[in-house]
Amino acid sequence: MKVGDQKFLRDLNKKAILRLAKYQGPLSRAEIADLTGLSSTTVSSLVNELINEGVLEEIGEGVSRGGRKPVLLRFNPDSFLVVGIEIEGDFIAASLMNLDLTIIKKSKESLLDSSEFGVIREIAALVKDLTKEISDEKILGIGIAITGLVEDGIVKRSVNLGWKNVPMEGLLRREIPDIPIYIDNIGKVGVLGEKHAGNGLRKENFIYVRVGTGISANFIFGGQLYRGSNGYAGEFGHMTLEPAGPLCHCGNRGCLEALASGRAIAERMKKIALNNKSCKIWEVVENETEITAKTVEEAARSGDEAALQIYREAGYYLGIGIANLVHLYNPELIVVGGGVSRAEELLMRPLLESLQSRLLDELKNSVKVAPTILGDNENLIGAGALVLEKVLQ
């Protein structure tokens, strides 16, 4: 075996040990050898290296299985840090996290210039501010969650930002040359956040449905993110549910996204409110530009029947779409995230009713559907998880 091959294999084995320690620890050296199939000599050598690097630490003795009590090893989440970046149409948020994806500090800025150069400048400024007292060697990487289609660091298309074929990773490396940078679609980043820190922790087969300005579904199968042949899997929002339904921004009619997304909720309310000045939404907003899924939610909570009906219909269509996913993939869990999911029971109750009414009897009790537990930080945590996924896999 060549020297380069030996180093590659050694690095793979170290990553395998780190994954075990992080997700199944604390463990002894003997347990790691049993789980990996590596020799005890190899495990001891690699563990010593990881202890010297600060990523593993000894925490005391475990229960003896005969003979001396084993020394237990724990993953050290504070050995390195990661930066998570979330880019939406009107803001950029950034966070500094440890390797357990616990947020240490974060910041958020309005996006006044959505050109690629404006966004790159803002990211560089946010990263500099978050890490100004930390050496680059301490930062394991920067993960970036962005709306749109991403391939090999290039944003092929982002409707929210008005981008096409922007070499984002290359542009950002000019500003931040010494820290690894990873970029992915916000939905895929979201499912990684659930896998590493959310409802999907230790789940092998689950789906993350993101309901925000748009709608997507992303998949963990066999513990791994499913990307599709070109990396574009997950465009769940463009599943046709009503062939003669409202026009979607993609050009088709009746897409789920045109029926149940945050954009669709706001557009539906605008049409009703402009023809009905007694609508309670006018107690929440001053003009139609302020009508969003969030303000429609506020109107619904104040008892506005039109707003309540809009959320009921959004939940109804999402339930149909998710029933299709369950019938196709038979997951153990579906996590519902994204900004619209913050409406909680206004969305989830009609969604679950619609879903249960359409599932085969054999599948009704086989899948759990739950809102994300990561809240407003789900995309930042997901961006941090993207770094872990790249480094540990």
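Conventions used here
Residues numbered from 1 in each chain as written. Predicted model: local features only at pLDDT ≥ 70, side-chain atom pairs only at ≥ 80, totals over all residues. Heavy atoms only, no water. Helix = DSSP H or I, 4+ residues; strand = E, 2+ residues; numbered from the N terminus. Rg over C-alpha atoms; globule rule 2.2 N^0.38 Å. Contact = heavy atoms within 4.5 Å. Areas by Shrake-Rupley, 256 points an atom, 1.4 Å probe, with all protein chains shown as cover. Lys, Arg positive; Asp, Glu negative; His and termini not counted. Charge placed at Lys NZ, Arg CZ, Asp CG, Glu CD. Pairing = 2+ DSSP bridges. Axes fitted to C-alpha atoms, helices over the stretch in contact; angles between N-to-C directions. 1 Å grid on protein atoms, 1.4 Å probe; cavity = no way out; pocket = protein on both sides within 12 Å on 5 of 7 lines; lining within 4 Å. Points joined across faces, edges and corners; volume = space filled by probe spheres on them. Nonpolar A, V, L, I, M, F, W, Y, C, P; charged D, E, K, R; others polar. Buried < 20%, exposed > 50% of the residue type's maximum accessible area, 1.4 Å probe, protein only. Arc of directions from axis to C-beta. Phe/Tyr/Trp six-rings, centres within 6.5 Å; stacked < 30°, edge-to-face > 60°. Lys NZ or Arg CZ within 6 Å of the ring centre and 35° of its normal. Core = buried A, V, L, I, M, F, W, Y, C linked by side-chain atoms within 4.5 Å. Parallel < 35°, antiparallel > 145°, perpendicular 65-115°, else oblique.

**Q** Explain the overall build of the protein to me, please; I cannot follow it from the model alone.
**A** Summing up its helical and strand segments, the protein has 12 helices and 16 strands in all. The C-alpha radius of gyration of the protein comes to 23 Å, within 12% of the 21 Å expected for a compact globule of 393 residues. For the protein, the C-alpha atoms occupy an extent of roughly 80 × 55 × 40 Å along the three principal directions. Expressed as a percentage of contacts within the protein between residues at least 6 apart in sequence, the contacts between residues at least 24 apart total 60%. Working note: accessible area of the protein is about 18,500 Å², and carbon and sulfur atoms make up 49% of it. Counting 46 positive and 52 negative side-chain charges, the protein places the averaged centre of each group 3 Å from the other.

**Q** What am I meant to see in the sheet that holds strand β4 (residues 81-87) here?
**A** Hydrogen bonding along the main chain pairs the strands of a sheet, whether they run parallel or antiparallel. Ordered by their spatial adjacency, 5 strands build an open sheet running β6-β5-β4-β7-β11, and the pairing between neighbours is mixed. Of all the strands in the sheet, the pair left with one neighbour each is β6 (103-110) and β11 (181-185). Across the sheet, the mean angle separating the axes of adjacent strands is 15° when strand polarity is ignored. Helix α4 (residues 116-130) contacts β4, β5 (91-98), β6 and β7 (139-146) of the sheet and is inclined by roughly 30° relative to β5. Against the sheet, helix α12 (residues 378-392) engages β4, β5, β6, β7 and β11, with an angle of about 125° to β7.

**Q** I tried to follow the layout of surface pockets on my own but got confused; where do I start?
**A** Rolled over the atoms, a probe with the dimensions of a water molecule shows which regions are left empty. Each pocket or cavity is described by its volume, and for the largest pocket that value is around 860 Å³. Lining the largest pocket are 35 residues, with E88, D90, F91, T213 and G339 sitting closest to its centre. Of all the secondary-structure elements, those providing two or more residues to the lining of the largest pocket are β5, β6, α8 (262-274), α9 (293-301) and α12. Considering each element in turn, the lining of the largest pocket owes the most residues, 5 residues, to α8. A breakdown of the residues in the lining of the largest pocket according to their chemical character gives 9 nonpolar, 12 polar and 14 charged.

**Q** What exactly am I supposed to notice about helix α5 (residues 168-175) here?
**A** Since the α-helix turns once every 3.6 residues, residues separated by three or four places project in the same direction. Taken residue by residue, α5 has M168, L171 and L172 as its buried positions. Projection of α5 onto a plane perpendicular to its axis shows the buried side chains occupying an angular sector of 95°, all on one side. Check the buried side of α5 and you find it contacts β4, α4, β7, β9 (154-158), β10 (163-166) and β11.

**Q** What exactly am I supposed to notice about the packing of aromatic side chains here?
**A** Aromatic rings in a pair are described by how distant their centres are and how their planes are angled relative to each other. By the definition in use, this model includes 5 aromatic pairs. Among the aromatic residues, those joined into a ring-pair cluster are F219, F221, Y226 and Y329. The ring of F91 has K108 sitting right over it, with the charged end atom 4.2 Å from the ring centre.

**Q** Where do I start with unusual backbone geometry in this structure?
**A** Among all residues except glycine, the phi angle is most often negative; among peptide bonds, the trans geometry is most common. Look at the link from G25 to P26: it is a cis peptide, with omega at 0°. Mapping P26 onto the fold places it in the loop between α1 (3-24) and β1 (27-28). Backbone geometry places N165, a non-glycine residue, at a positive phi of 50°. Within the secondary structure, N165 sits in strand β10. Although it is not a glycine, E344 sits at a positive phi angle of roughly 55°. Looking at where E344 falls in the secondary structure, it is placed in the loop between β15 (333-337) and α11 (345-358).

**Q** What is the right way to look at the nonpolar core in this model?
**A** Core analysis: the biggest nonpolar cluster contains 47 residues, and V209, M269, I281, Y311, I322 and I334 have the highest contact counts within it. Elements that contribute at least two residues to this core include exactly β12 (206-211), β13 (215-221), α7 (256-260), α8, α9, α10 (305-329), β15 and α11. Sort the elements by how many residues they give to this core and α10 lands first, with 11 residues.

**Q** I keep staring at the environment of K270 and nothing clicks. Help me out?
**A** Tracing the chain through its elements places K270 in helix α8. Its relative accessible area of 18% is what places K270 among the buried residues. Counting along the chain gives 194 residues from K270 to N76, while the straight-line C-alpha distance between them is 51 Å. Not counting the four nearest positions on each side in its chain, K270 is found in contact with E288 and I291.

**Q** Quick question: what am I supposed to make of the packing of helix α6 (residues 186-197) against α12 here?
**A** Direction vectors running N to C along α6 and α12 enclose 80°, while the axes themselves pass 7 Å from each other. In terms of axis orientation, α6 runs roughly perpendicular to α12. Together, I186, V189, L192, G193, K195, H196 and A197 of α6 and N379, I381, G382, A383, A385, L386, L388 and E389 of α12 make up the contact between the two elements. Looking at the contact of α6 with α12 residue by residue, the class counts come to 9 nonpolar, 4 polar and 2 charged.

**Q** Sorry if this is basic, but what is going on with the pairing of strand β16 (residues 368-371) here?
**A** A regular strand places its side chains on the two faces of the sheet in alternate fashion. As defined by bridge partners, β15 adjoins β16 across 4 bridges and the pair is classed as parallel. What sits directly across from I334, in β16, is V369.

**Q** So what exactly am I meant to see when it comes to empty space enclosed by the protein here?
**A** Under the defined criterion, the tally for this structure stands at 1 cavity of 30 Å³ or more. Roughly 70 Å³ of volume is contained in the largest cavity. In terms of lining residues, the largest cavity is bounded by 13 residues, among which L149, N185, K188, A233 and E235 are the most central. Listing elements by their share of the lining of the largest cavity, those giving two or more residues are β8 (149-151), β11 and β13. Of the residues that constitute the lining of the largest cavity, the class distribution is 4 nonpolar, 6 polar and 3 charged.

Don't take any of this as a statement about function, it's just geometry.
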